[in-house]
Amino acid sequence: MPQPEIVVDAVGGMAGVGGVNAMGGVDAVDAVGGVDAVGGVGGVGGVGGVGGVGGVGGVGGVGGVGGIGGGMDGMVLRPWRVADLPAILAAYADPAIQRWHCRSMDADEARAWIASWPQRWRRETDAGWAIVIEGGVTEGVVAGQISLRRIDLPEGLGAVSYWVLPGARGRRVAPRALSALTGWAFGTLGLQRIEVSHSTANPASCRVAVHAGFAAEGVKRSGAKHTDGWHDMHLHARLASDM
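Each value, and the rule that gives it
- Residues numbered from 1 in each chain as written.
- Predicted model: local features only at pLDDT ≥ 70, side-chain atom pairs only at ≥ 80, totals over all residues.
- Heavy atoms only, no water.
- Salt bridge = Lys/Arg side-chain N within 4 Å of Asp/Glu carboxyl O.
- Helix = DSSP H or I, 4+ residues; strand = E, 2+ residues; numbered from the N terminus.
- Buried < 20%, exposed > 50% of the residue type's maximum accessible area, 1.4 Å probe, protein only.
- Expected span 1.5 Å × (residues − 1).
- Contact = heavy atoms within 4.5 Å.
- Polar contact = N/O pair within 3.5 Å; in protein donor to acceptor, adjacent residues only side chain to side chain.
- Phe/Tyr/Trp six-rings, centres within 6.5 Å; stacked < 30°, edge-to-face > 60°.
- Pairing = 2+ DSSP bridges.
- Axes fitted to C-alpha atoms, helices over the stretch in contact; angles between N-to-C directions.
- Parallel < 35°, antiparallel > 145°, perpendicular 65-115°, else oblique.
- Left-handed = near helix turned anticlockwise from the far one by under 90°.
- Nonpolar A, V, L, I, M, F, W, Y, C, P; charged D, E, K, R; others polar.

S.K.: Whenever I open this one, the pattern of salt bridges confuses me. Can you help?
M.R.: Side chains bearing opposite charge may pair, as long as their charged atoms lie close to each other. The final tally for this structure, using the stated rule, is seven salt bridges. For Arg169, the salt bridge identified is with Asp94, shortest N-O distance 2.8 Å. With Arg169 in the loop between β7 (157-164) and α4 (173-189) and Asp94 in the loop between α1 (85-91) and α2 (95-101), this pair connects stretches of sequence that are 75 residues apart. Classification of Arg169 as partly exposed rests on a relative accessible area of 22%. Classification of Asp94 by relative accessible area gives buried; the value is 10%. The closest approach of N and O atoms between Arg149 and Asp126, which form a salt bridge, is 3.8 Å. Separated by 23 residues along the polypeptide, Arg149 in strand β6 (residues 142-152) and Asp126 in the loop between α3 (107-122) and β5 (127-133) bring together distant segments of the chain. For Arg149, a relative accessible area of 0% puts it in the buried group. Within the structure, one salt-bridge network assembled from shared partners comprises Arg150, Arg193, Glu195 and Glu217.

S.K.: It is not clear to me how α3 should be interpreted in this structure. Could you clarify?
M.R.: Note on helix geometry: an α-helix contains 3.6 residues per turn, so any two residues three or four positions apart are oriented the same way. If you check α3, its first and last C-alpha atoms are 24 Å apart, about what 16 residues at 1.5 Å a residue would give, namely 22 Å. Considered for burial, the residues of α3 that qualify are Ala110, Trp113, Ile114, Ser116, Trp117, Arg120 and Trp121. Tucked inside the fold, the buried residues of α3 contact α1, β5, β6 and α4. With a side-chain oxygen lying 3.2 Å from the backbone nitrogen of Asp108, the N-terminal cap of α3 falls on Asp106. Of the residues flanking the end of α3, it is Glu124, one or two places downstream, whose phi is positive at about 60 degrees.

S.K.: Would you take a moment to explain the packing of aromatic side chains for this structure?
M.R.: The description of an aromatic ring pair uses the distance of the two centres, along with the angle that the planes make with each other. Using the criterion set out here, one finds six aromatic pairs in the structure. Between the aromatic rings of Trp80 and Trp163, the centroid separation amounts to 6.2 Å while the plane-to-plane angle is 45 degrees, which identifies the pairing as tilted. You can see Trp80 sitting in the loop between β4 (75-78) and α1 and its partner Trp163 sitting in strand β7, a full 83 residues away along the chain. For Trp80, a relative accessible area of 9% gives the class buried.

S.K.: I'm lost on the pairing of β5 in this one. Help?
M.R.: Note on strand geometry: in a regular strand, side chains alternate between the two faces of the sheet. Counted residue by residue, β5 has seven buried out of seven residues, so it is predominantly covered. Side chains Ala127, Trp129, Ile131 and Ile133 of β5 all project onto a buried face; the interleaved residues Gly128, Ala130 and Val132 project onto the opposite face, where all are buried too. In this structure, β4 lies alongside β5, joined through four bridges in antiparallel fashion. Bridge pairing in β5 places Arg78 opposite Ala130.

S.K.: What am I meant to see in the packing of α4 against helix α5 (residues 203-211) here?
M.R.: When two helices pack together, you describe them by how their axes are tilted relative to each other and by the distance separating the axes. Relative orientation of the contacting elements α4 and α5 amounts to 40 degrees, with a least axis distance of 9 Å. Comparing the axis directions of α4 and α5 gives the class oblique. In this structure, α4 crosses over α5, and the sense of that crossing is right-handed. For the pair α4 and α5, the contacting residues are Ala174, Pro175 and Leu178 in the first and Val208, Ala209 and His211 in the second. Here the residues of the contact of α4 with α5 are counted per class, giving five nonpolar, one polar and no charged.

S.K.: Explain unusual backbone geometry to me, please; I cannot follow it from the model alone.
M.R.: What is expected of a backbone is that most residues other than glycine have negative phi and most peptide bonds are trans. Phi angles above zero are rare outside glycine, and Cys102 is one such case at about 60 degrees. Note that Cys102 resides in the loop between α2 and α3. Owing to a relative accessible area of 30%, Cys102 belongs among the partly exposed residues under this scheme. Non-glycine residue Arg150 carries a positive phi angle of around 45 degrees. Mapped onto the elements, Arg150 comes out in strand β6. Residue classification places Arg150 among the partly exposed residues on the basis of a relative accessible area of 38%.

Dropping the structure here:
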C-alpha cells in the first residue's frame, strides 16, 4: 500500500485526509524510523549529527499528488519520485546541507535513497516526502525534504529530519513543512511526542523548531559527530497536547 494522500492547512493542522489511513490502524501502513538525520533545519542549514539541514531552493522535482499539502502556502509534501533525482543531487552537493547532514550523494546513491522510501514505509520505519512548490512560476519545483524518523508507534514517538535547497531559503519553507507534518503525525498517526535535534552551532535551526512550536528541552552533550568533531545538540520536542 503506498503512502496515503494527506492534506493539511497552512499551520500544520489537519484539514482533511484523502485515500487510505496512514500508519497504524486498520487498512494502514505505518511509517517511520530513519537513517539520514533526525532534526532541524533553517536558514543556513539544519541540524547536525542526527539532524537535518536548512535553507531551501529548488531544482528539478515534479509537482505533487498526495502527500501533505501546505494549503494557502503553496506547498505540498509528496512521496519521492525518480524524477526528483536532480534536486537530491543538488541538495547533497550544497555545503550547508553537507555540513549538517554529514554526507554527500552520487547519482547511484541518490537513486538508492529514492528507492528506499517505499520499503521504509512498508516496514513502518520511516516516511519521507519531497517539499514541492505549488502555483506560480515555480510550480512543481522541489524546495526541500522532510521525513518522519525513528518512529515507535506503540510508544507514540518519532523524530523529524529536513533540509531546504538554497534557492528556496528565506521563504519559511522549513517551519511550514514542519508544522504540517507535525499536525498529520499527531492527528493521523496518533503520535504523542515528536523530537527535533540540532547542533548548538546552528541557531537558524533552533529558530525553525521554536517557530513550529517545538519547545527547547535541553542540551545533549557531544550528541552527534560532525566532520569537525563532536557537537552538543539542542533537543526540542512537541507533544500532542501542545496542539
